[in-house]
Amino acid sequence: MIVSYKLLNKYVDLKGIDPFELGDILTNAGLEVENVRALAQGSDLVIGYVKEAYPHPNSDKLTVCLTDVGNETLKICCGAKNVGQDMYVIVARPGCQLDYAKVPVIKKVTLGGVESNGMICSLSEIGIPSKFQTHEQLAGIEVLDHEYQLGAEALKTLGYNDFILDISLTPNRSDIYSIYALAIEVAGLLNTTLFDVEQNIEQKQEGLYHINIESEDCLSYGLFTFTNLNAQEGSYENKIMLYALGFKPRFNIVDDGNMAMVISGNPVHTFDADKLKSKKFIIKKGLEEEHFLALDDKEYQITKDDLLIINGDEIVAIAGVIGSKSSCIDENTKNIVVESAAFSHVSVRNTARRLDLFSEASVRFSKIVNSYTLEFPIKIMEELLNVKCDAINKVNYLKYEAKPIKLTHEKITKVLGITIAFEECVAILRRLSFKVEIEDSTLIAYPPSYRKDVEIDVDLIEEIIRVYGYENIIASLPLQEINDHPLSNIQTLVNHTKKLLNDFGLNEIITYQLSNARKLDQFSLEKNYKELYNPLNNERMIYRDNLLTSLVECIEYNKSYQINDQQLFEISHVFVDNKEKTYLSLGLIGNYYQGNWHNQALKADFYIMKALIFDWLAKLGFYYGRVLIEPVAKDHPFLHPKKSAYITMNKKIIGVFGQLHPRLAQEKKLNECLIAQIDLSLLSTNKGRINKYEGLSLIPSVYRDLSLIVPNDIYANEIIKVVKQGNNKLIKDVKIFDLYYGQELPEHTYSMALSLEIGNDNENLNELEINNLINKVLKELQNKLNIILRN
Amino acid sequence: MISELKQELTNMINDVNSLNDLQNIKVSIFGKKGRITLLTKDMKDKTIEERRQIGQEVHQLKEYIEIIIKQKELFLIEKKINDDINNEAIDIYLPGMEFNSGTLHPLTITRNEIESFFNSLGFAVIEGNEIESDEYNFEKMNIPKDHPARDMQDTFYFSVEELLRTHTSPMQARTMEANAPDGPIRVIVPGKTYRRDEDDLTHSHQFMQIEGLVIDKNISLADLKGTLELFAKNIFGSNTKIRFRPSYFPFTEPSVEVDVTCHVCHGQGCSVCKQTGWIEILGAGQVHPNVIDNCGYDSNVYQGFAFGMGVERVAMIKYGIDDIRLFYNNNLNFLKQFDKIK
């Protein structure tokens with residue numbers, strides 16, 4: 001919302017307050033002023049008159065101008081093409097400050113041997129944005145339209161002594177789209193005088209028109225007839241004001257209608273009465289397949305959702321959005337019919353959005369306009385055009401009756417937590433043009449018609465505190481009974497997991513939840529996607545069902561930055577099995593551990609990923625045994641079928657890990673990339689073993705190493721199972737410390753070296769007992785698995 | 001003769017340079033055929049008087065030599081330690097072993113800091129689903145269909161009724177319903193939220209929000225101010241001040257925007273705060289009576305405050321990050337910059 005300080009000052013006594021300070025006051029009251037700027041810049045500019053102009057003797061580009069500035073005549077060399085004799089111009093004399101000129105301080109200079117005592121200014125040089133200027137104005141100096149007093153202060157005389165405030169409005173304060181409503185607000189904030197303005201026009205005779213409203217989306221409709229008008233250009237000052245407010249000045253009927261809208265907040269639309277073919281107006285919804293030639297010379301397609309103004313059988317306007325070419329006013333217009341109406345803001349908004357037609361009028365109609373001030377813009381037009389309206393036709397023009405809102409002093413204190421004197425609360429509301437009645441310590445407030453946002457008692461409290469000042473609230477802390485509210489299982493699991501994986505050297509990533517089918521397909525098992533119906537683009541259409549797609553994408557991205565060693569994890573929601581679940585993903589590529597002169601690097605592989613997962617699970621109290629692994633399906637789509645495994649718990653698969661399938665690895669150029677995905681929601685339904693003291697054996701263990709020859713088809717888990725089985729827990733631990741494959745071994749075998757930790761917590765074992773135990777183990781290995789000792 | 005021997009042995013011991021040689025000398029003096037041992041070899045030919053005389057002298061010599069050998073030995077041990085130390089010198093400037101230390105995402109770090117502050121004030125941390133219903137995301141939060149506020153937050157829909165939550169506020173409604181009609185509430189709700197915005201320097205279609213809600217019979221705007229003052233000091237430093245600016249949210253009344261003093265210039269005005277001295281940090285207010293009534297409490301009896309902040313925004317201010325997309329690019333060179341404890 002663009003506001004002219006000068007225009008505002010016509011409706012409220014600003015007491016000469018600095019525009020920048022006014023900006024701060026409005027911001028602090030909830031009307032955020034984004035920018036305050038002087039309309040024009042330049043100190044000490046005066047009006048001058050070029051008495052004589054002749055070509056510069058030594059330059060083709062310059063003109064020597066003898067310029068009368070009242071008390072003296074200055075010789076000025078001017079470079080503008082449009083300068084000439086007998087012109088009124090804006091003159092910057094030596095010493096003048098011009099921030100937007102090429103040389104910001106004007107000096108007396110000599111140009112090509114001719115002295116130059118100042119500058120004749122263009123609008124750009126006094127800081128007028130180019131969008132407010134015509135092509136002629138942009139190309140040269142500003143040539144004034146008529147005689148002015150020579151030497152007069154130029155900015156003030158011409159109307160450039162204004163400031164423009166740009167206010168960003170919250171949706172509840174669309175009333176401020178009216179300068180007059182802003183004046184009410186400012187009067188309340190500054191505690192100053194609001195200049196009362198008559199908003200209604202005198203009773204007139206009934207007009208010639210017949211209005212028929214056939215849609216609920218038209219709330220009120222009125223037509224105001226003006227006759228015998230003279231279309232003419234507005235004054236220089238009026239044009240400047242219109243430019244400043246963001247309008248292109250045309251001629252008085254259009255310009256005054258725009259000003260009336262800015263001041264009242266009610267948009268008007270003006271028809272040329274002589275171009276209307278019928279006296280009958282119908283306001284109703286459109287039909288499909290209708291076309292409409294608008295005053296911007298474009299043809300628009302109507303739908304059944306658009307509200308139309310129909311004269312006879314011709315569409316003369318899309319309500320609140322744009323008028324027709326056939327009925328629009330022009331420089332020859334003599335008689336007009338001005339429409340002032342209230343439409344459903346939703347209907348106007350939808351149509352304006354569909355047609356992409358956001359004008360000052362449709363933007364206002366898209367908010368809620370004040371339907372009780374529909375005569376206000378007409379009243380302003382009467383004044384600006386200096387012609388009285390002749391006749392009126394109006395339907396559903398309602399008289400405003402404010403709804404009373406009750407508010408107790410006690411409630412104010414309870415909500416704010418501080419006590420503001422009751423009288424002050426009442427005074428603040430009255431300053432904001434609320435009518436207030438008092439009954440003991442209860443007030444009954446009647447909001448002005450503009451303030452549709454004030455409906456209930458807490459709305460009044462907000463009015464009171466924002467004027468009283470939030471800075472005057474004395475802070476306190478909420479006092480209440482607090483119950484213990486422990487974290488849920490899944491929250492605890494997520495927190496612990498982040499901490500543990502962090503300790504294991506993994507880096508957390510957070511990627512987007514929205515992806516597309518092309519990408520998700522590679523790592524999705526179900527491909528049963530949760531799809532948006534209004535995605536922003538093709539990249540982000542589906543709420544993902546796996547984390548691996550983004551994980552691998554992230555690895556590729558970092559690879560492209562030559563980051564070859566990556567250790568990543570992510571915990572996030574996914575949509576699987578028709579519900580939101582929490583998943584964990586892990587990714588490793590390159591070295592898990594950096595090498596240097598001191599120690600060798602440790603390259604990430606299946607067993608490092610396995611260790612990470614099972615260490616993490618063990619720390620959570622899920623030991624190997626409760627959590628198991630098993631081979632994945634032979635045709636696994638995204639994992640290397642021979643270097644991958646399911647993680648199972650209670651016979652349910654809770655996750656999967658392994659090396660990226662060679663086909664994908666080749667496509668993405670990610671060699672030996674390890675990935676994992678685990679269902680934390682499922683895991684969190686299980687309880688991990690908790691810490692408990694298990695006793696401390698003071699009897700030292702003994703260690704025995706065995707080197708075995710193992711058939712190729714026997715897996716490590718089978719060997720360990722046999723070693724540990726049935727030995728009265730005397731074998732406390734088994735470590736595989738070496739594997740060896742060599743020619744000298746028997747065919748289809750390999751060698752495995754085990755280290756057994758043997759001990760009895762109650763007594764020392766003697767050599768014989770140990771040897772018996774070892775022999776028993778060896779015998780069972782041979783019987784059950786065909787494993788023999790390597791000599 | 002003994003005194004000559006004493007001199008000779010003393011010289012020998014003095015000349016020794018290694019513990020090994022000293023050991024050999026020791027044997028050559030005290031061994032079976034050692035020089036001192038030999039002195040008492042043919043004592044049986046001597047008189048008792050002579051024997052005593054010789055015995056005494058030999059004993060004195062023996063004691064003397066033992067002492068100087070011991071001294072020499074200590075000297076040589078010390079010398080060997082010193083020699084060894086010099087031989088064992090290493091380059092202390094070579095890098096040590098490189099540990100593999102991981103990092104949490106800066107949004108998680110920021111979220112954790114905010115959570116632990118509110119935890120210390122007794123706020124419970126609850127989370128909700130990201131896929132929400134129109135009813136909880138909008139209707140119950142006093143944003144009916146066609147409300148102008150729906151323009152403020154363009155929404156991703158799955159269907160007419162199902163959407164990606166545009167804020168964490170639906171959990172306000174769910175928490176109130178779970179505790180209605182009279183349970184006191186003091187919670188924060190962190191989580192991912194979504195707006196139908198093109199991604200740019202300051203906008204992200206996915207972002208993280210933390211919502212706060214306190215409901216009881218007498219929870220006031222002054223309590224909100226006190227809570228957020230402590231929050232700002234805890235997160236942005238003890239000199240931080242806050243200010244409330246009136247604003248508008250459909251689910252709070254009165255509504256405020258909350259600014260904190262700029263952490264760079266401390267309120268003096270600089271480029272970070274666009275010369276205002278203040279940085280906008282969150283939105284807050286007293287919960288709208290319609291919301292309270294919608295969720296099973298009686299707004300004539302119960303009231304409270306709510307606030308909502310963007311975690312990205314807090315992190316961007318704290319760390320001086322100027323592009324929100326960096327959080328979601330996950331460049332490891334970016335992520336590893338946030339590995340300090342605080």
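Computed from a predicted structure; not experimentally measured. (Residues numbered from 1 in each chain as written. Chains lettered and ligands numbered in written order. Predicted model: local features only at pLDDT ≥ 70, side-chain atom pairs only at ≥ 80, totals over all residues. Heavy atoms only, no water.)

1. A word on the sheet that holds strand 20 (residues 322-323) of chain A
Residues and elements named next belong to chain A. To keep it simple, the criterion reads: Any two strands are treated as partners once DSSP identifies two or more bridges connecting them. By the criteria applied, helices consist of DSSP H or I runs no shorter than four residues and strands consist of E runs no shorter than two, each listed in order from the N terminus.
Reading across the sheet, the five strands line up as 12-15-18-19-20 and stay open at both edges, with mixed pairing between neighbours. For this open sheet the edge positions go to strand 12 (210-213) and strand 20, each flanked by a neighbour on one side alone. Strand direction decides the pairing type here: strand 19 (residues 314-318) and strand 20, joined by two bridges, are antiparallel. Note that in strand 20 the partner of A317 across the bridge is G323.

2. A few points about the sheet that holds strand 39 (residues 731-740) of chain A
Strand pairing in a sheet is mediated by backbone hydrogen bonds. Such pairs are either parallel or antiparallel. All names here are of chain A. Counted only if it meets this: Only heavy atoms matter for contacts: two residues are in contact if any of them lie within 4.5 Å across the pair. Note on geometry: axes are C-alpha line fits, over the in-contact stretch for helices, and angles between N-to-C directions span 0 to 180 degrees.
The antiparallel open sheet is built from four strands, whose spatial order is 39-40-38-41. Pairing within the sheet leaves two strands with one partner each, and these edge strands are strand 39 and strand 41 (788-789). In this structure, strand 38 (residues 702-711) lies alongside strand 41, joined through two bridges in antiparallel fashion. Paired with L708 across the strands is L789, a residue of strand 41. Strands in contact with helix 20 (residues 716-724) are strand 38, strand 39 and strand 40 (749-758); relative to strand 39, the strand with the most contacts, it is inclined by about 145°.

3. Quick look at the packing of helix 5 (residues 106-120) of chain B against helix 9 (residues 221-236) of chain B
Residue and element names in this part refer to chain B. Counted only if it meets this: What sets the label is the angle itself: under 35 degrees gives roughly parallel, over 145 gives roughly antiparallel, 65 to 115 gives roughly perpendicular, and the rest give oblique. Crossings are classed by handedness, with left-handed meaning an anticlockwise turn of the near helix from the far one by less than a right angle and right-handed meaning a clockwise turn. Note on residue categories: nonpolar means Ala, Val, Leu, Ile, Met, Phe, Trp, Tyr, Cys or Pro, charged means Asp, Glu, Lys or Arg, and polar means any other residue, Gly included.
Two numbers describe how helix 5 lies on helix 9: the axes approach to 10 Å, and their chain directions differ by 135°. The orientation of helix 5 with respect to helix 9, classified from their angle, is oblique. Considering how the two elements wind past one another, helix 5 and helix 9 form a crossing that is right-handed. Every residue of helix 9 that contacts helix 5 at E113, I114, F117 and F118 is listed here: T227, L230, F231, N234 and I235. Per-class residue counts for the contact of helix 5 with helix 9 are six nonpolar, two polar and one charged.

4. Looking at the packing of aromatic side chains
Applicable threshold: Stacked, tilted and edge-to-face pairs are distinguished by plane angle, under 30 degrees for stacked and over 60 for edge-to-face with tilted covering the rest, among Phe, Tyr and Trp rings (Trp via its six-membered ring) whose centres lie within 6.5 Å. Here, over-ring charges are defined by two tests on the NZ atom of lysine or the CZ atom of arginine: distance to the ring centre within 6 Å, and angle to the ring normal within 35 degrees.
Tallied over the entire structure, the rule returns 35 aromatic pairs over all chains. Looking at A:K530, its charged tip hangs above the ring of B:F158, at a distance of 5.2 Å from the centre. Of note, B:R174 hangs over the ring of B:Y136, and the distance from its end group to the ring centre comes to 3.8 Å.

5. Regarding the environment of A:G159
All names here are of chain A. The test is simple: Relative accessibility under 20% of the residue-type maximum defines a buried residue, over 50% an exposed one, and the middle range a partly exposed one, all with a 1.4 Å probe and only protein chains included.
Along the chain, the position of G159 falls in the loop between helix 4 (154-158) and strand 10 (163-168). Using a relative accessible area of 4% as the deciding quantity, one classes G159 as buried. When the C-alpha atoms of G159 and L189 are compared, they prove to be 27 Å apart, with 30 residues separating the residues in sequence.

6. Concerning the domain arrangement of chain B
Quite often, the size of an interface is put as the accessible area lost when its parts meet. Quick note on the threshold: Each domain span listed reflects an automatic or database assignment of domains.
What the domain assignment lists for chain B is domain 1 (2-87) and domain 2 (106-338). Computed over C-alpha atoms, the centres of domain 1 of chain B and domain 2 of chain B are 90 Å apart.

7. What to know about the packing of helix 12 (residues 422-431) of chain A against helix 13 (residues 457-468) of chain A
Residues and elements named next belong to chain A. Here helix 12 crosses helix 13 at 95°, and the two axes come no closer than 9 Å. It follows from the interaxial angle that helix 12 and helix 13 lie roughly perpendicular. Touching E424, C425, I428, L429 and R431 of helix 12 are L460, E463, I464, V467 and Y468, all from helix 13. Considering only residue class, the contact of helix 12 with helix 13 consists of seven nonpolar, no polar and three charged.

8. Regarding helix 21 (residues 767-785) of chain A
Residues and elements named next belong to chain A. Put simply, the rule is: Expected helix span is given by 1.5 Å per residue-to-residue step, counting one fewer step than there are residues. Taken from the helix axis, the directions to the C-beta atoms give the arc we talk about. N or O atoms within 3.5 Å of each other form a polar contact, as long as, within protein, one can give a hydrogen and the other can take it, and as long as residues adjacent in sequence are counted only when both atoms are side-chain atoms.
Here helix 21 is 19 residues long and its end C-alpha atoms lie 26 Å apart, about the 27 Å a rise of 1.5 Å per residue gives. Listed as buried for helix 21 are I770, L773, I774, V777, L778, L781 and L785. Within helix 21, the buried residues cover an arc of 130° as seen down the axis, which keeps them to one side. Every exposed residue of helix 21 that faces more than 90 degrees away from the buried side is listed here: L768, K779 and N783. Structurally, helix 21 contributes buried residues whose contacts are with strand 38, helix 20, strand 39, strand 40 and strand 41. Where helix 21 begins, one side-chain oxygen reaches toward the backbone nitrogen of L768, 3.1 Å away; that side chain belongs to N766. Immediately beyond the C-terminal end of helix 21, within one or two residues, lies N786, with a positive phi of roughly 60°.

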